[in-house]
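Listed below are the residues making up each chain.
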Amino acid sequence: MADVTRFAPSPTGFLHLGTAYSALFAAAAAGPKGRFLLRIEGIDAGRSRPEFEEAIYEDLAWLGLVWEQPVRRQAAHFAEYAAVVARLKDDGLLYPCFCTRADIQREIAGAASAPHLTTIGPDGPIYPGTCRHLSSAEQHRRIDAGEAYALRLRMADAVATTGPLVWHDAARGEVKATPEIFGDVVLARKDVPTSYHLACTWDDALQGVTLVTRGEDLVPVTHIHRLLQALWNVPTPRYHHHRLLTAPDGAKFSKRDQSLTLRSLREAGNSRDDVIALLGEMTR
Ligand code: GLU
């Protein structure tokens, strides 16, 4: 079957061997008959930079990849995400959360005497639900007073709405969706009217992606994405979470570590074939 696949980097650093592998993996999964898309996930204004986006285009072309035009740039679609968020809010599935990180930490520390009240999720302790039960009068008072707020998903209600869900992974087979392990996730941040989960899942559906390929560090978030698909009543793609490449010393590649970026490898005289051979060795 000819698939629609995508590579969806955030323009917050230069591509390194790990991200190059991910891009090549996605393009290969589409194959000659499928369609390979590139999406720039630059919702984080503080960390995204135009020069990193330019470098992504340049480095992928250097790798020999060809992607469909136009490229979807998430930073240009905030109004669309805001409309998606507004619909979930109208359905009563979101609530405003005024907590700062410090508030949340304080709340969790306060619950330490009753540790059973603090549940640990894939991203650390899950949100203790401080703002979940604010009255609508209180919500309006604080919004009108100009307090910044994020919008969180009423996870228990969302899961009750959709009922049990599964998703399919090429390496793991059928996986039971357990989005509740994340608690009330943020779907719209204080600074932007979306979050990674919302924008990524929305775009995969909008762009008709049939096979999502990405690193296995993102396996847990797929539970949330599957839930959003069910809430929106959009098709769920198949998933193929691939292994993560590690640096020669076994450490995870990081955007902060610029030593094995494609540009540094290229500047050191490596050809595209050298890089592909190196990736082949690393994944043997
Ligand atoms: N933009 C995400 C990242 O760079 C990848 C999202 C995805 O592939 O789903 O980590």
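Every chain is numbered on its own, with residues counted from 1 as its sequence reads. Given that the model is predicted, a residue must reach a pLDDT of at least 70 before its local features are reported, and side-chain atom pairs must reach 80 or more before they are shown or counted; all residues, however, enter totals for whole chains, interfaces and linings. The side-chain numbers reported here are obtained from all heavy atoms of the structure, hydrogens and water having been left aside.

## Section: helix α1 (residues 17–30)
The terminal C-alpha atoms of α1, which comprises 14 residues, lie 20 Å apart, in line with the 20 Å expected from a rise of 1.5 Å per residue. Taken across its 14 residues, α1 has 11 buried, putting it largely inside the fold. Three exposure classes are used, based on accessible area relative to the maximum for each residue type with a 1.4 Å probe and protein chains only: buried under 20%, partly exposed in between, and exposed over 50%. Runs of E in the DSSP output that reach at least two residues are strands. Runs of H or I that reach at least four are helices, and both are numbered from the N terminus. Listed as buried for α1 are Leu17, Gly18, Thr19, Ala20, Tyr21, Ser22, Ala23, Phe25, Ala26, Ala27 and Ala30. One or two steps after α1, the chain reaches Gly31, where phi turns positive at roughly 70 degrees. One fewer than the residue count of a helix, multiplied by 1.5 Å, yields its expected span.

## Considerations on the pairing of strand β11 (residues 211–215)
Judged by how many residues are buried, β11 sits mostly within the fold: five of five residues are covered. Relative to strand β12 (residues 238–242), β11 is paired through five bridges, and the arrangement is parallel. The residue bridging Gly215 from the neighbouring strand is His242, located in β12. We call two strands paired when DSSP finds no fewer than two bridges between them.

## Some words on the site of the ligand
One heavy atom within 4 Å of a molecule or strand is enough for the residue carrying it to be called near that molecule or strand. Surrounding the ligand, one finds Arg6, Ala8, Pro9, Ser10, Glu41, Tyr196, Cys200, Arg214 and Leu218. Within the side chain of Glu41, an N or O atom sits 2.6 Å from a nitrogen atom of the ligand. Broken down by class, the residue content of the shell around the ligand amounts to five nonpolar, one polar and three charged. Within 3.5 Å is the distance limit for a polar contact, defined as a pair of N or O atoms, with the added protein rule that one can donate a hydrogen and the other accept it, and that residues adjacent in sequence qualify only through two side-chain atoms. In this count, Pro and Cys sit with the nonpolar residues alongside Ala, Val, Leu, Ile, Met, Phe, Trp and Tyr, while Asp, Glu, Lys and Arg are called charged and the others, Gly among them, polar.

## Regarding the sheet that holds strand β10 (residues 186–188)
Strand order across the open sheet formed by three strands is β4-β7-β10, with antiparallel pairing between neighbours. On the outer flanks of this sheet lie β4 (94–97) and β10, each paired with one strand and no other. Strand-to-strand twist of the sheet, defined as the mean angle between neighbouring strand axes without regard to direction, takes the value 45 degrees. Pairing geometry for β4 and strand β7 (residues 150–153), over four bridges, is antiparallel. Only C-alpha atoms enter the line fits that serve as axes; for helices the fit covers just the stretch in contact. Angles between N-to-C directions range over 0 to 180 degrees.

## Comments concerning the packing of aromatic side chains
Only centres within 6.5 Å qualify two rings of Phe, Tyr or Trp (six-membered ring in Trp) as a pair; their planes then separate them into stacked at under 30 degrees, edge-to-face at over 60, and tilted for everything else. Within this structure, the stated rule accounts for six aromatic pairs. Aromatic side chains Trp202 and Trp232 sit 5.1 Å apart centroid to centroid with 90 degrees between the ring planes, which places their arrangement in the edge-to-face category. One end of the pair, Trp202, is in helix α7 (residues 196–206); the other, Trp232, is in helix α8 (residues 221–232), with 30 residues separating them in the sequence. Each member of the pair, Trp202 together with Trp232, is buried.

Honestly, that's just the spatial picture; any functional story needs more than this.
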